[in-house]
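Structural features, examined
One letter stands for each residue in the lines below.
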Amino acid sequence: QDFVLLDSHNSETAFLDNLKKRFTEDLIYTYVGILLISVNPCKELDIYTKKQMDLYMGVNFFELPPHIYALADNVYHTMLSEASNHFILISGESGAGKTEASKKILQYYAVSCPSSTLLDTVRDCMLMFNPGPAPIGSGPNDNSSRFGKYMDIQFDCQGDAVGGHILSYLLEKSRVVHQNHGERNFHIFYQLVEGGEEDQLRHLGLEKDTQHYSYLVQGECSNVSSINDKNDWKTVKNALSVIDFDASDTEHLFGIIASVLHLGNVHFDGDTKGYAILNSNAALRWLLGIHVQVLHEALTFRKIEAKSEEVLSPFTVDLAICARDALAKAIYGRAFTWLVNRINESLENKVREQQKNFEQFCINYCNEKLQQLFIQFTLKSEQEEYEAEGIGVKKHRGIISVLNEECMRPGDATDLTFLEKLEEKMGNHPHFLTHKLADKKTRKSLERGDFRLLHYAGEVTYCIVGFIDKNNDLLYKNIKDVMRLSKNPIIQECFPATEGDSRRRPETVATQFKNSLLRLTEILTAKEAWYVRCLKSNDNKQSGKFDEVLVRHQVKYLGLMEHLRVRRAGFAYRRRYEVFLQRYKALCPATWPHWRGVPAEGVEKLVQHLGYKPDEYKMDRTKIFIRYARTLFATEDAFEICKHELGKQQRIQKRHLIFFSFYYKHLDRRAWAVKIIKQFIKGYITRREAKTTDNSEYLAFVRQSYLNRLKDNLPKTVLDKTTWLTPPPVMTETSEILRQLNTRMMVRKYVQGITPQKKAQLQQKVVTSAIFKGNKDSYPSSIAVSFVDTRINEQDINMRILQTIRHERIKYSVPVVKYDRNGFKSRPRQLVLTQAAVYLVEEAKIKQRVDYVSLKGASVSNLGDSVMILHVALNDPKQKGDLVLQCDHLFEALTKLAMIANKQNNIKVVQGSIKFEIQAGKEGGVDFSTAQEPMIFKGKNGHLMVVSDYFSISA
């Protein structure tokens, strides 16, 4: 568990063997003292549950197996107990699991720290930082952060989180305009294009295809199997809500991101003199609300001083492209900084191998500084604990200073002149090499424009191309002036009118980065250090694979063997007196079973009894230090033997105790049983009387027994009226109250689970029941049949009909058979209900329209047929009379009619015959009967005869 206890602590092979054995058993965490090593398992492990968190809360660091929760908990409680500031430095190469480690720590604090509204805000902002700005600051693959970040959580003296802060450094802005093969641009671009809603993309002038944007296709890696841009887009929007972004802020931020994509689609041609011209302004009109012509001029001309005045000088095509890309990087970089600042406001305390480029040089510079810091802290902490020797760090002018001098000197500075200066200034340094300085054999691996550095992590070769331009990263003054004309408030903040003196040269990128790293170093040196070293198990993210060559390389450059040697140079094991005594006190008669004196004196008695030699241990103010691992292992072996013997004694004593306790309990239980039986009989005899001392316990037993049985036999549905248990007399009133409560609870649960569609269905069925229940024979068979929104889709209704009634919204349509008023000839028709009227339709003709004011009601028989008569108010002799219809969906159609026309009280169920008006003053009739076979025909009496069978079913 702790490499400090490894016998062969100087052997790298033994170190790796121990690491591999633990990895094979899914033990990914190992200590080197209080430094935590984490090997990425490339799979999910069930070791981050709430139960695991509870296990590590408030527990001594070495008491449980190594875990990131143990380190997080120890940092937190040390901070509180010592009232000092601490930091956790999580390091390792890309894919080693640094981001996941930081998430686990933050999630642990979110659960283990005292809960408050402010803590929830701090926790959500910190955890959302990865899906929030990370898509805006992440690439080229599914988990690679392209900027450095330092996250700070601030606690008060009670341990409550009261604020937070994020410090970012070196956003790789060049990725905005260029990506290497196999790499993506920042994730946010793909998320916006793939996940944005159609209206939003239309508003931003974007198309839902990443291949349309020059800045997104250079790496030929728009789609990555492990990334779901649509889902990540939702996460980004949620993250923005956590940091108090309103709709306006979000719209402006996404407007900036869209503008960068449009800027990448601005293409230049050359005129006859080679100067840049724009043949199309299409992409410019989407850029941040700035006038197209103003943007056009800014991207093709620059202002220069000539005879004490500013004049416009045209760009060449190459310069225009550089100006365009510089603007894109500036917009993106400044917006990123603005976003980090907004996050900090919400967290504010209110109480594969390639030649490396300029950005990679800056990243490695940062890693060098942090590694120096790690070495200093390691030696310092050891010295504080047992007075080890300290080591200083030599300072000298380096590559960044030479780069800045070259960028600032008059004349034409180029990448090659910079390389020459490096060879001049650094040529004698053992860790610096170029093609010119190398021997013949080494030159074969170096291009003429390369230089090679020996980092603590090994040799890295850098291509000099782009160092000067990227370090300058200048925006022409007239482009800055144009950006201040933007209507986007975020851009206005990012390009303030008061931005420094235009005559003063702005800081170079390397200087900005160096200064921000200096601020970070100052922050860290003021705090106590804790370390998590993350190791990548293999390059293919394959679970269970341990690449020894790769891991050995990481162990070497992370300085883990050196750290182990420093720890072992002093003492291999250290524990507080109380913890050591509590574990091993059984090994000494003087300290077992309880030591009543000072813990340090008890430990002294214990180790003398065990025969520790003077050079094997040392007693400090609060801890015992054991120099050799073998001494501790011998003590642990003795403890295991002692524990076994103590266990045997305890088992013998327990058997004796069980025997005697059983004997005496047996005697006592007989007397108790007699008493209880007598009391039970008396209670049963007087159970119907008022409560007395004789029957109170019996009645309590009856109540409890009934409630227990009731609990296991509750009705499962509201319709279950029979399974409620019959209560004993003493529980009659209580039982009824409980039954009503249970019914209400089931009703409430049922209602809460009803969907809007189900609710609408039930509302219709209630109307159907009120009209037909107990009145029409076929109604019971219709209950289980669901109603639908319509029986005829609009595309099945003639276009001429739709145009005629286009001002009235169609609510329901159903096929019907219409019987002529004279002669009762049957004709297929469509019955269409709109918001205002009933329409009877024959293909492209409206045969009859009855508005709901003129609709007096409807009549049906009480039998199982599906015939209905719609009664019409006849105010004109020429007006058509009532409608006699047969509908296979009778209940559904009449229910829809009743609800749309508000005619629930005007639908009648009639026995025998129904009269209807053929026209004003002339009546007809429909007679209803039953038989074995259903039929409809004209009777001898001139009426329509409707015969239904005995088992007719209608929906």
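Residues numbered from 1 in each chain as written. Predicted model: local features only at pLDDT ≥ 70, side-chain atom pairs only at ≥ 80, totals over all residues. Heavy atoms only, no water.

**Topic: the overall build of the protein**
If you tally the helices and strands in the protein, you get 32 helices and 28 strands. Counting across all 955 residues of the protein, residues that qualify as buried make up 44%. When the accessible surface of the protein is summed, it comes to about 51,900 Å², and 51% of that surface belongs to carbon and sulfur atoms. (Helix = DSSP H or I, 4+ residues; strand = E, 2+ residues; numbered from the N terminus. Buried < 20%, exposed > 50% of the residue type's maximum accessible area, 1.4 Å probe, protein only. Areas by Shrake-Rupley, 256 points an atom, 1.4 Å probe, with all protein chains shown as cover.)

**Quick look at the sheet that holds strand β3 (residues 86-91)**
With mixed pairing, the four strands of this open sheet are ordered in space as β1-β2-β13-β3. In this open sheet, the two strands that pair with only one neighbour each are β1 (29-32) and β3. Strand-to-strand, the axes of this sheet are offset by a mean angle of 20°, without reference to chain direction. Helix-sheet contacts for helix α4 (residues 98-112) involve β3 and β13 (528-536), and the interaxial angle to β3 is about 150°. (Pairing = 2+ DSSP bridges. Axes fitted to C-alpha atoms, helices over the stretch in contact; angles between N-to-C directions. Contact = heavy atoms within 4.5 Å.)

**Notes on the confidence of the model for the protein**
Averaged over every residue, the pLDDT of the protein is 81; the share at 70 or more is 83%. Scored below 50 in pLDDT, residues 386-395 makes 13 contacts in the model with residues more than four places away or belonging to other chains. (pLDDT = per-residue confidence, 0-100.)

**Section: the pairing of strand β2 (residues 35-40)**
Of all six residues that make up β2, six are buried, and the element is covered over most of its length. Both β1 and β2 contribute to a ladder of four bridges, which runs antiparallel. Paired with Val32 across the two strands is Leu35, which belongs to β2. Taking the residues between adjacent antiparallel strands as the criterion, β1 and β2 are bridged by two residues, where Gly33 takes a positive phi near 70°.

**Here we look at the packing of aromatic side chains**
Tallying each qualifying case throughout the model produces 19 aromatic pairs. With a centroid separation of 3.8 Å and 10° between ring planes, the pair formed by Phe3 and Phe15 is classed as stacked. You can see Phe3 sitting in the segment before α1 (12-24) and its partner Phe15 sitting in helix α1, a full 12 residues away along the chain. When its relative accessible area of 0% is taken as the criterion, Phe15 is described as buried. For the cation-ring pair, Arg184 lies above Tyr190, with the distance from its terminal atom to the ring centre recorded as 4.0 Å. (Phe/Tyr/Trp six-rings, centres within 6.5 Å; stacked < 30°, edge-to-face > 60°. Lys NZ or Arg CZ within 6 Å of the ring centre and 35° of its normal.)

**Comments concerning the pattern of salt bridges**
Summed over the entire model, instances satisfying the criterion amount to 26 salt bridges. The partner of Asp229 in a salt bridge is Arg184, and the shortest N-O contact between them spans 3.1 Å. Pair noted here: Asp229 is in helix α10 (residues 229-242) and Arg184 is in the loop between β5 (161-169) and α7 (187-195), with a separation of 45 residues, a long-range link. With respect to burial, Asp229 and Arg184 carry one shared label: buried. Put simply, Arg324 and Asp325 hold a salt bridge, and the shortest N to O gap is 3.0 Å. Residue class for Asp325 comes out buried when judged on its relative accessible area of 15%. Within this structure, Glu93, Lys536 and Asp539 form a network of salt bridges that share partners. (Salt bridge = Lys/Arg side-chain N within 4 Å of Asp/Glu carboxyl O.)

**Quick look at the pairing of strand β11 (residues 450-455)**
Judged by how many residues are buried, β11 sits mostly within the fold: five of six residues are covered. Looking at chain direction, strand β10 (residues 432-434) and β11 are connected through three bridges and run antiparallel. Looking at β11, one finds that Thr434 is bridged to Phe451. With six bridges joining them, β11 and strand β12 (residues 458-463) adopt antiparallel strand pairing.

**So, the environment of Asn279**
Considering the arrangement of structural elements, one finds Asn279 in the loop between β7 (276-277) and α12 (292-300). Judged by its relative accessible area of 59%, Asn279 is exposed. Measuring from C-alpha to C-alpha, the distance between Asn279 and Val266 comes to 9.6 Å, with 13 residues separating the pair along the chain.

**With respect to the sheet that holds strand β26 (residues 922-930)**
Strand order in the open sheet formed by four strands is β25-β26-β28-β27, with mixed pairing between adjacent strands. Across the chains shown, the open sheet's two edge strands, defined by having one partner strand only, are β25 (913-919) and β27 (935-938). Averaged over neighbouring strand pairs, the angle between their axes works out to 20° when direction is ignored.

**A closer look at unusual backbone geometry**
Residues Trp592 and Pro593 are joined by a peptide bond in cis, for which omega reads 0°. Inspection of the secondary structure puts Pro593 in the loop between α24 (577-584) and α25 (599-610). For Lys541, which is not glycine, the phi dihedral falls at a positive 55°. Positioned with a positive phi, Asn902 is a non-glycine residue whose angle comes to about 55°. Within the secondary structure, Asn902 sits in the loop between α32 (890-900) and β24 (907-910). Accessibility expressed as a relative area gives 60% for Asn902, which makes it exposed.

**Regarding the packing of helix α29 (residues 756-772) against α32**
Running from amino to carboxyl end, α29 crosses α32 at an angle of 100°, the nearest separation of the two axes being 9 Å. Taken as axis vectors, α29 and α32 run roughly perpendicular relative to one another. Across the interface between the two elements, Gln763, Gln764, Val767, Thr768, Ile771 and Phe772 of α29 pack against Phe891, Leu894, Thr895, Lys896, Ala898 and Met899 of α32. Each residue belonging to the contact of α29 with α32 can be placed in one class, and the counts come to seven nonpolar, four polar and one charged. (Parallel < 35°, antiparallel > 145°, perpendicular 65-115°, else oblique. Nonpolar A, V, L, I, M, F, W, Y, C, P; charged D, E, K, R; others polar.)

**Some remarks on α25**
With 12 residues, α25 ought to run about 16 Å at 1.5 Å a step, and its terminal C-alpha atoms sit 16 Å apart, in line with that. Buried within α25 we find Gly602, Val603, Leu606 and Val607. All buried residues of α25 fall inside an arc of 125° around its axis, so they share one side. Each element contacted by the buried residues of α25 is listed here: α24, β15 (617-619) and β16 (623-626). Phi turns positive one or two residues past the end of α25, at Gly611, with a value near 85°. (Expected span 1.5 Å × (residues − 1). Arc of directions from axis to C-beta.)

**Remarks on a nonpolar patch on the surface**
A grouping of Ile677, Ile681, Tyr684 and Ile685 is seen on the molecular surface, where their side chains present a nonpolar patch of about 420 Å² in accessible area. Following the sequence through the fold, Tyr684 ends up in helix α26 (residues 629-685). (Patch = residues over 30% accessible without salt bridge, like charges linked within 9 Å, V, L, I, M, F, W, Y side chains within 5 Å.)

**Quick word on the environment of Arg552**
Tracing the sequence through the fold places Arg552 in helix α22 (residues 548-557). In sequence terms Arg552 and Leu535 are 17 residues apart; their C-alpha atoms lie 9.7 Å from each other. A distance of 2.7 Å separates polar atoms of two side chains, one belonging to Arg552 and the other to Glu12. (Polar contact = N/O pair within 3.5 Å; in protein donor to acceptor, adjacent residues only side chain to side chain.)

**Notes on the side chain of Arg821**
Positionally, Arg821 belongs in the loop between β17 (810-819) and β18 (826-834). Asp820 provides the closest opposite charge to the buried, unpaired Arg821, separated from it by 6.6 Å. At 2.8 Å, the side chain of Arg821 forms a polar contact with the backbone oxygen of Asp882. (Lys, Arg positive; Asp, Glu negative; His and termini not counted.)

**As for the packing of α7 against helix α11 (residues 247-264)**
It is the contact of α7 with α11, at a shortest axis distance of 10 Å, that shows an interaxial angle of 100°. The orientation of α7 with respect to α11, classified from their angle, is roughly perpendicular. Only Phe254, Ile257, Ala258, Val260 and Leu261 of α11 make contact with α7, whose side of the interface consists of Ile188, Phe189, Leu192 and Val193. Residue composition of the contact of α7 with α11, by class: nine nonpolar, no polar and no charged.

**Focus: the side chain of Lys896**
On the secondary structure map, Lys896 appears in helix α32. The buried charged residue Lys896 lacks any salt bridge, with Asp789 as its nearest oppositely charged partner at 4.7 Å. Among residues more than four places away in sequence, those in contact with Lys896 are Gln764, Val788, Asp789, Tyr812 and Leu833.

**Details of the environment of Val816**
Of note, Val816 is situated in strand β17. As a C-alpha pair, Val816 and Leu885 span 69 residues in sequence and 6.4 Å in three-dimensional space. The contacts of Val816, once residues within four sequence positions are left out, are Arg827, Pro828, Arg829, Leu831, Leu840, Leu885, Gln886 and Cys887.

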